[in-house]
Amino acid sequence: MFVLELTYTAPLDAVDALLPDHVAWLEEQYEKGLFLASGRKNPRDGGVILAVAGDRAGIEEIVAGDPFTVAGVCAYRVTEFIATKTAPELARHRQTLD
């Protein structure tokens, strides 16, 4: 499981201009089952996405396709973690320690 933290690197008007494309990209990832939750940070200086994928390289490839990344209006910080406990709704994403 991954926490993707976006930090805007451009003014909000530049971010807002790309927002429809970013939202469409988010929807694609939800449809693929890769994203579990997402939203803006408060204060609005970026966002957070909770994601699942086979490996870090796969997540980095997905992040590279975000219209925000392509346009250079945000930077991503990717944190991988082992989800050993989850809410019942996320049970299928639980992992065990090796």
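Residues numbered from 1 in each chain as written. Predicted model: local features only at pLDDT ≥ 70, side-chain atom pairs only at ≥ 80, totals over all residues. Heavy atoms only, no water.

- An unreviewed UniProt entry annotates the protein chain as YciI family protein of Streptomyces sp. 900105245.
- Note on the protein chain: under the UniProt heading Sequence similarities (unreviewed entry), the record states "Belongs to the YciI family." (UniProt positions renumbered as here; feature names shortened; annotations may be inferred.)

Some words on the nonpolar core
And then number 1: In terms of nonpolar packing, the biggest core is built from 20 residues, with L4, W25, F35, I49, I59, F68 and Y76 touching the most fellow members.
And then number 2: Among the secondary structure elements, those contributing two or more residues to this core are β1 (2-8), α1 (12-31), β3 (46-51), α2 (56-64) and β4 (74-80).
And then number 3: Beyond its immediate sequence surroundings of up to four residues, W25 is in contact with F35, I49, I62, V63, G65, D66, P67 and Y76. (Core = buried A, V, L, I, M, F, W, Y, C linked by side-chain atoms within 4.5 Å. Buried < 20%, exposed > 50% of the residue type's maximum accessible area, 1.4 Å probe, protein only. Helix = DSSP H or I, 4+ residues; strand = E, 2+ residues; numbered from the N terminus. Contact = heavy atoms within 4.5 Å.)

Looking at the sheet that holds β4
And then number 1: Pairing in this open sheet of four strands is antiparallel, and the strands run β2-β3-β1-β4 from one edge to the other. Only two strands of the sheet have a single neighbouring strand rather than two, namely β2 (35-40) and β4. With strand direction ignored, the average angle separating the axes of adjacent strands in the sheet is 15°.
And then number 2: As judged from the six bridges shared by β1 and β3, these two strands associate in the antiparallel manner. Its bridge partner being in β3, L6 is matched across the sheet by G47.
And then number 3: Sitting on the sheet, α1 is in contact with β1, β2, β3 and β4, with an inclination near 165° to β2. (Pairing = 2+ DSSP bridges. Axes fitted to C-alpha atoms, helices over the stretch in contact; angles between N-to-C directions.)

Brief notes about the UniProt feature "domain: YCII-related" (unreviewed entry) in the protein chain
And then number 1: What UniProt calls "domain: YCII-related" (unreviewed entry) maps, in this numbering, to residues 1-81.
And then number 2: Here residues 1-81 runs as 42% helix and 32% strand, with 6 Å between its end C-alpha atoms.

Observations concerning the pairing of β1
And then number 1: Side chains of β1 alternate between two faces, with F2, L4, L6 and Y8 buried and V3, E5 and T7 left unburied.
And then number 2: Summarising the sheet, β1 and β4 pair through seven bridges and their orientation is antiparallel. Counted as the bridge partner of V3 is T79 from β4.

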